Amino acid sequence: MKIQKEEPKLTDLNQKALNAVPRRPSSANVARFAVPGVLVLLIIIFSVALPSSFLTAGNWASMVQSQAVLLILALAVTMPLRVGDFDLSIGAIAALSSTVTAVMAVNLHLPAGLAIAIGLLSGVMVGVVNCIAVIVIGIDAFIATLATMTIVTGLTLIMTNTTVVYNIPDSIVQLARWSGLALPASAYYGWIIAAVLFYVYEMTPFGRSMLFVRGNQQAARLVGLPVNRIRVIAFLGSALLSSFAGVLLLGTIGAADPGIGAQYLLQPYAAAFLGATAIQLGRFNVIGTILGLYLIVVGVTGLQLLGASSSISQVFYGGVLLIAVGAARLASRRNKTSPVGN
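Residues numbered from 1 in each chain as written. Predicted model: local features only at pLDDT ≥ 70, side-chain atom pairs only at ≥ 80, totals over all residues. Heavy atoms only, no water.

Engineer: Explain the packing of helix 14 (residues 266-275) against helix 15 (residues 286-305) here, please?
Structural biologist: A pair of packed helices is characterised by two quantities: the angle between their axes and the separation of those axes. In contact at an axis separation of 7 Å, helix 14 and helix 15 are set at 125° when each is read in the N-to-C sense. Classified by the angle their axes make, helix 14 and helix 15 are oblique. Judged by the sense of rotation from one axis to the other, the crossing of helix 14 with helix 15 is right-handed. Residues Gln 267, Ala 270, Ala 271, Ala 272, Leu 274 and Gly 275 of helix 14 pack against Gly 288, Thr 289, Gly 292, Leu 293, Leu 295 and Ile 296 of helix 15. Grouping the constituent residues of the contact of helix 14 with helix 15 by class yields seven nonpolar, five polar and no charged. (Axes fitted to C-alpha atoms, helices over the stretch in contact; angles between N-to-C directions. Helix = DSSP H or I, 4+ residues; strand = E, 2+ residues; numbered from the N terminus. Parallel < 35°, antiparallel > 145°, perpendicular 65-115°, else oblique. Left-handed = near helix turned anticlockwise from the far one by under 90°. Contact = heavy atoms within 4.5 Å. Nonpolar A, V, L, I, M, F, W, Y, C, P; charged D, E, K, R; others polar.)

Structure, rendered in structure tokens:
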């Protein structure tokens, strides 16, 4: 009796052939490291061109300190963006929280802790309004948060009669200004928040659920995900972080400027969208957002040290945002068409 040898299956042959062919890095793998690569390149260029001013410990400490509040706001915007929503009220919430805290502490002479708690609560209430407008009523998030941004800015200006509130208690100032290893407290707060969000986004089912909701809300509902609850948490988390950034801003500058909110909108979104083109293409992620923010600050600082006008920062922010949004959109499309995910 002859024993016939089993012919290898076609799929096995194909797999062996694929394994035998040396693989080149995909364009996606190259693209995900473009932002850190550009950041390193800018650091090298400015270090060579400006060794006595850019490449100093004082300049680096100044850059980290100047972006500490922006880092928290950039992390805040990733929460609604990660579920497919926008929150344009982050800067207004920060200004409101800063102003309410200052008014409570300076004008009403409340204890610092109570004043801060009321300031944080005021910002969270704006988040509640955003949830009602977007999730309950169904208004587009971009339109709804643009409206709340305008309303909150007006109320903040009315609250102080458009004047800056000074004489902030030392306990509030020290909350943001105490330092360690030549870095301000606000920088450490930002990094701690980043570590917590990184764990939530990358290590928990909730973080993965946020991506599922962003991809397709109807499909997320069909598999049993509490879509509305996830979106509520994202909006309220964004509002809470924005409020905390406002309190730190109050302590950092030692005064509450009710009209400062507009200055803290463009940069966080530029960093978040730039971050969506790094590390995890098409996804709003923590590490990419941090890299995006520091790429912006290194670029602006280097150009200013080279003699460029201070207004170059607005041009740089706008240009980076335009490029980042376009690149994030292309990366998202590529991921949808690719047979292999991130």
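Moving on, there is more to tell.
Engineer: Just to check I follow, could you spell out the pattern of salt bridges for this structure?
Structural biologist: Inspection of the entire model under this criterion finds one salt bridge. The partner of Arg 231 in a salt bridge is Asp 85, and the shortest N-O contact between them spans 3.0 Å. With Arg 231 in helix 13 (residues 227-253) and Asp 85 in the loop between helix 5 (68-82) and helix 6 (90-107), this residue pair connects regions lying 146 residues apart in the sequence. Each member of the pair, Arg 231 together with Asp 85, is buried. (Salt bridge = Lys/Arg side-chain N within 4 Å of Asp/Glu carboxyl O. Buried < 20%, exposed > 50% of the residue type's maximum accessible area, 1.4 Å probe, protein only.)

Engineer: When you look at the side chain of Thr 101 in this model, what are you seeing that I'm missing?
Structural biologist: Along the chain, the position of Thr 101 falls in helix 6. For Thr 101, a relative accessible area of 0% translates into the label buried. What Thr 101 contacts, discounting residues up to four positions off in sequence, is Ala 115, Ile 116, Gly 119, Ile 172, Val 247 and Leu 250.

Engineer: Just checking my understanding: could you explain the packing of aromatic side chains for this structure?
Structural biologist: Geometrically, a pair of aromatic rings is defined through the distance of the ring centres and the angle of the planes. Inspection of the entire model under this criterion finds nine aromatic pairs. A ring pair is formed by Phe 86 and Phe 273, whose centres lie 6.3 Å apart and whose planes are at 25°; its orientation type is stacked. With Phe 86 in the loop between helix 5 and helix 6 and Phe 273 in helix 14, this residue pair connects regions lying 187 residues apart in the sequence. A relative accessible area of 28% means that Phe 86 is categorised as partly exposed. An angle of 70° between the planes, with centres 5.6 Å apart, marks the rings of Tyr 189 and Phe 244 as edge-to-face. Taken together, the positions of Tyr 189 in helix 10 (residues 185-203) and Phe 244 in helix 13 put the pair 55 residues apart, joining distant regions of the chain. Residue class for Tyr 189 comes out buried when judged on its relative accessible area of 17%. On the basis of relative accessible area, Phe 244 is assigned to the partly exposed category, the value being 22%. An aromatic cluster of at least three residues, connected via ring pairs, comprises Phe 86, Phe 142, Tyr 269, Phe 273 and Phe 284. (Phe/Tyr/Trp six-rings, centres within 6.5 Å; stacked < 30°, edge-to-face > 60°.)

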